[in-house]
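# Breakdown of the fold
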Amino acid sequence: MESVAAEWSAGEIDVLARAVVNAPSVHNMQPWSLELPDGEALLSERTDLVLPYHDPAGRDLAVSCGAAAANLELGMRVLGRETLLTLLPDPLRPQLVARVTASDVRLPSALDLHRYSAIARRHSYRHAFTGQCVSDYDLTDLVTASHAAGVTARPLRGAAELTALADVLEYAGAALRQDDGYQRELTLWTARGGARPGDGLTLAAAASTLPWAGLVRRGTALPDRETLAARLGRETVLVFLTADDTRLDHVRTGVAMEQTWLAAVDMGLAAAVQTQPLHVAEARSALIDDLGLPGYPQLFMRVGHPAVAVPCSPRRAIGDLLERDPL
């Protein structure tokens, strides 16, 4: 497939930039920058946005950039182009996460249009779902949507699996609640204005009523494992797995996560993602052992029918996205 080196119009730039700006990111960090040379789109990770206590290995940054890359490719297809997505394309430029190359003219598919329209409607849902279950038919489609190479979305089902998940969330929640560095960083990041200009984008509905669905603060009340398992039993939870635990695996997880999330929104469902429990090494290892997982768990996704409307978390300005030199 050969690139078509055509200059992007102002309207096309707006479509691509808005697709990236509206991508999900862990803690609403939005850690990306975008460059649009003729016939291509280059997405880079912003290394000035780091949370060493929340994301010591940089997994969340890579996952977030993977989600933005998925939206970027989708935006280019909606503009009527064949695309080639290359992840981590240049070892000499480690901040360059993805290159999307445009080639032949093509009509966007109905699926492309549906998924693209879901980008603006996708919000993190940190409340209880209705009592209506996600159907097996819809669940199969969600699992299928996570078709990024090397990533598997696995539903957690049955009392044994949900109890194992409750154990992990209880242990990790208690550990994070007592972690002084984590709590200082959380307070600084989520305060309006943050530590530096441009930091601290507030999270919509950050004060979640569900301690297993949001950030754990000093005063967060953690239910006991039996209560937690019972509550999880009324939800649909997917765990995203990779065979290895490299940066490429983390980026691919973000691609798969966003594809699944947009599919859920298109079905009329809501979702939210959680990674923090898996940053506690003992909790992550226990989950692998207890469930016999054939790989590394990267994130949890809660999916269900929304009971209330939620606002969108604030987004960075498009100018901030494009003005930075990602290279």
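Conventions used here
Residues numbered from 1 in each chain as written. Predicted model: local features only at pLDDT ≥ 70, side-chain atom pairs only at ≥ 80, totals over all residues. Heavy atoms only, no water. Core = buried A, V, L, I, M, F, W, Y, C linked by side-chain atoms within 4.5 Å. Buried < 20%, exposed > 50% of the residue type's maximum accessible area, 1.4 Å probe, protein only. Helix = DSSP H or I, 4+ residues; strand = E, 2+ residues; numbered from the N terminus. Contact = heavy atoms within 4.5 Å. Pairing = 2+ DSSP bridges. Axes fitted to C-alpha atoms, helices over the stretch in contact; angles between N-to-C directions. Parallel < 35°, antiparallel > 145°, perpendicular 65-115°, else oblique. Left-handed = near helix turned anticlockwise from the far one by under 90°. Nonpolar A, V, L, I, M, F, W, Y, C, P; charged D, E, K, R; others polar. pLDDT = per-residue confidence, 0-100. Salt bridge = Lys/Arg side-chain N within 4 Å of Asp/Glu carboxyl O.

With that settled, consider the nonpolar core. Ranked by size, the top nonpolar core spans 53 residues in total, and within it L43, F240 and V303 carry the most contacts. The dominant element in this core, judged by the number of residues it contributes, is helix α2 (residues 59–78), at 10 residues. Setting aside anything within four residues of it in sequence, one finds V303 in contact with F129, V134, L142, T236, L238, A264, L269, A270 and A271. Core analysis: the second largest hydrophobic core is formed by 27 residues, L156, V168, V239 and V280 among them.

This brings us to the sheet that holds strand β2 (residues 40–45). Taken in spatial order, the four strands line up as β1-β2-β4-β3 in an open sheet, and their pairing is antiparallel. In this open sheet, the two strands that pair with only one neighbour each are β1 (32–35) and β3 (81–87). Averaged over all adjacent pairs, the angle separating strand axes in this sheet is 20°, with direction ignored. Direction of pairing for β1 relative to β2: antiparallel, over a ladder of four bridges. Pairing of L34 across the sheet is with L43, part of β2. The strands touched by α2 within the sheet are β1, β2, β3 and β4 (96–105), with β2 carrying the most contacts at an inclination of about 165°. Packed on one face of the sheet, helix α8 (residues 247–266) meets β2, β3 and β4 and runs near 145° to β3.

Next up on the list: the packing of helix α5 (residues 158–177) against helix α7 (residues 225–232). α7 packs onto α5 with a crossing angle of 125° between their chain directions and a minimal axis gap of 8 Å. Judged on the interaxial angle alone, α7 and α5 are oblique. Handedness of the crossing formed by α5 with α7: right-handed. Residue-level inspection shows L162, T163, L165, A166, D167, L169 and E170 of α5 in contact with α7, the latter providing R225, L228, A229 and L232. Partitioning the contact of α5 with α7 into residue classes produces seven nonpolar, one polar and three charged.

Our next topic: the confidence of the model for the chain. Regions with low pLDDT carry predicted coordinates that are not meant to be interpreted in detail. In this model, the chain carries a mean pLDDT of 88, and residues with pLDDT of at least 70 account for 90%. Note on residues 192–201: pLDDT under 50 across the span, and 20 contacts to partners over four residues away in sequence or across chains. This stretch, residues 203–207, has a pLDDT under 50; its non-local contacts, to residues over four places away or in other chains, come to 13 contacts.

If you walk through the whole model with that rule in mind, you get 17 salt bridges. Among the salt bridges present, the one from R154 reaches E161, with a minimum N-O distance of 2.8 Å. The shortest N-O distance in the salt bridge between R218 and D180 comes to 2.4 Å. One end of the pair, R218, is in the loop between α6 (180–190) and α7; the other, D180, is in helix α6, and 38 residues separate them in sequence. Judged by its relative accessible area of 42%, D180 falls in the partly exposed class. Salt bridges sharing common partners tie together E73, R77, E82, R106 and D112.

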